[in-house]
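In case you want the letters, here they are:
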Amino acid sequence: MAWYTHVVWDWNGTLLDDAAWNLRCIDAMLARRGLPVIGSLAAYREGFGFPVRDYYGELGFDFGREPFEALAAEYLGIYSDDRGGLGLRDGCVRALGGLRSRGVRQAVISASEIALLRAQIGSLGCAAYFDEILGKDDFHATGKLGLCMDYMARVRPGRALLVGDTLHDLEAAEAMGIDCVLMAGGHQSKERLIKGGAVVVDGFDGVTGLFA
């Protein structure tokens, strides 16, 4: 019998391996404006955070000259042109299938726009593992606390675990009153996650091991 009855997954960086692609997209936007690029995945993981608007401001984007909404639209245009190169993180399908076979209910809750989120999940062939797929109605990546709280109020899961890759996921889990583990190798560094007080695992075995 699994210790947890429900797992709430983050998508970007947790299940979807897109941190390096996200870095390339942001660096392209910075270079277009003559701003210093981030340059390395290590530097990206030390700086990235939510809300994305604040992160863009730290990178030097001038909202007085370009509204954040326009920058978000530009980012989406670049990000969406990945030409099919994005994939799931190693071990993802095995973990999702193993948990589903044990009767664990699984949901994706993401700060991504819902149509893009559903399209990515569908194209990668993993939609059948999830009981719910929840995303935002805009591309501004403000966070997902509202979605998480709505899920808790509606589903009322027995004992739930949130699995993510950023300290925003930890914040969401704390607001939901559920346990959380964060996976290294996503959008924030392992050291940063540990410093933020998170329980950190290196891969999906660290998650599925909790259901032994």
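Let me begin by describing the structure that accompanies this report. What you see is a predicted model; the values in this text were computed from it and never measured.

### What about the pairing of strand β4 (residues 105-113)?
In the case of a regular strand, side chains alternate between the two sheet surfaces. Burial within β4 is extensive, with 8 of its 9 residues counted as buried. Note that strand β1 (residues 6-9) and β4 share 4 bridges and pair parallel. Bridge pairing links Trp9 to Val108 in β4. In this region the chain leaves β4, passes through helix α6 (residues 114-123) and returns to the parallel neighbour strand β5 (residues 132-136); the handedness of that crossover is right-handed.

### Section: the packing of aromatic side chains
Centre distance and the angle of the planes are the two values used to describe a pair of aromatic rings. Under the definition given, this model contains 11 aromatic pairs. Their ring planes at 75° and their centres at 6.4 Å tell us that Tyr44 and Tyr55 sit as a pair that is edge-to-face. Taken as a pair, Tyr44 in helix α2 (residues 41-47) and Tyr55 in helix α3 (residues 52-59) lie far apart in primary sequence, 11 residues in all. Measuring from ring centre to ring centre gives 6.4 Å for Tyr55 and Tyr56, while their planes differ by 55°; the resulting arrangement is tilted. Of the two residues, Tyr55 and Tyr56, neither departs from the other in class, the shared state being buried. Grouping aromatic residues by their ring pairs yields a cluster made of Tyr44, Phe48, Phe50, Tyr55, Tyr56, Phe61, Phe63 and Phe68. Geometry around Phe63 places Arg53 over its ring, the cationic atom sitting 4.5 Å from the centre.

### Some remarks on the pattern of salt bridges
Here the structure, examined in full by the defined rule, presents 10 salt bridges. Here Glu66 makes a salt bridge to Arg33, at a shortest N to O gap of 2.7 Å. Highlighted residues: Glu66 in the loop between α3 and α4 (68-79) and Arg33 in the loop between α1 (19-32) and α2, separated in sequence by 33 residues. We note a salt bridge from Arg154 to Glu132, for which the minimum N-O separation is 2.8 Å. Linking Arg154 in helix α7 (residues 145-155) with Glu132 in strand β5, this pair joins segments that are 22 residues apart in sequence. Residue classification places Arg154 among the partly exposed residues on the basis of a relative accessible area of 49%. One salt-bridge network, in which partners are shared between bridges, spans Arg32, Arg33, Glu66 and Glu74.

### Describing the packing of α3 against α4
It is the contact of α3 with α4, at a shortest axis distance of 11 Å, that shows an interaxial angle of 95°. One finds that α3 runs roughly perpendicular with respect to α4. The residues of α4 that touch α3, namely those facing Val52, Arg53 and Tyr56, are Phe68, Leu71 and Tyr75.

### A short note on the pairing of strand β6 (residues 160-164)
For β6, a buried count of 5 out of 5 residues is recorded, marking the element as mostly surrounded by other parts of the structure. The sheet contact formed by β1 and β6 spans 4 bridges and is parallel. Looking at β6, one finds that Trp9 is bridged to Val163. When β6 meets strand β7 (residues 179-183), the two strands line up parallel, connected through 4 bridges. Opposite Val163, over in β7, you have Val181 as the bridge partner. Between the parallel elements β6 and β7, the chain passes through helix α8 (residues 167-176) in a crossover that is right-handed.

Rules of the game
Residues numbered from 1 in each chain as written. Predicted model: local features only at pLDDT ≥ 70, side-chain atom pairs only at ≥ 80, totals over all residues. Heavy atoms only, no water. Buried < 20%, exposed > 50% of the residue type's maximum accessible area, 1.4 Å probe, protein only. Helix = DSSP H or I, 4+ residues; strand = E, 2+ residues; numbered from the N terminus. Pairing = 2+ DSSP bridges. Right-handed = clockwise from strand over helix to strand, strands pointing away. Phe/Tyr/Trp six-rings, centres within 6.5 Å; stacked < 30°, edge-to-face > 60°. Lys NZ or Arg CZ within 6 Å of the ring centre and 35° of its normal. Salt bridge = Lys/Arg side-chain N within 4 Å of Asp/Glu carboxyl O. Axes fitted to C-alpha atoms, helices over the stretch in contact; angles between N-to-C directions. Parallel < 35°, antiparallel > 145°, perpendicular 65-115°, else oblique. Contact = heavy atoms within 4.5 Å.

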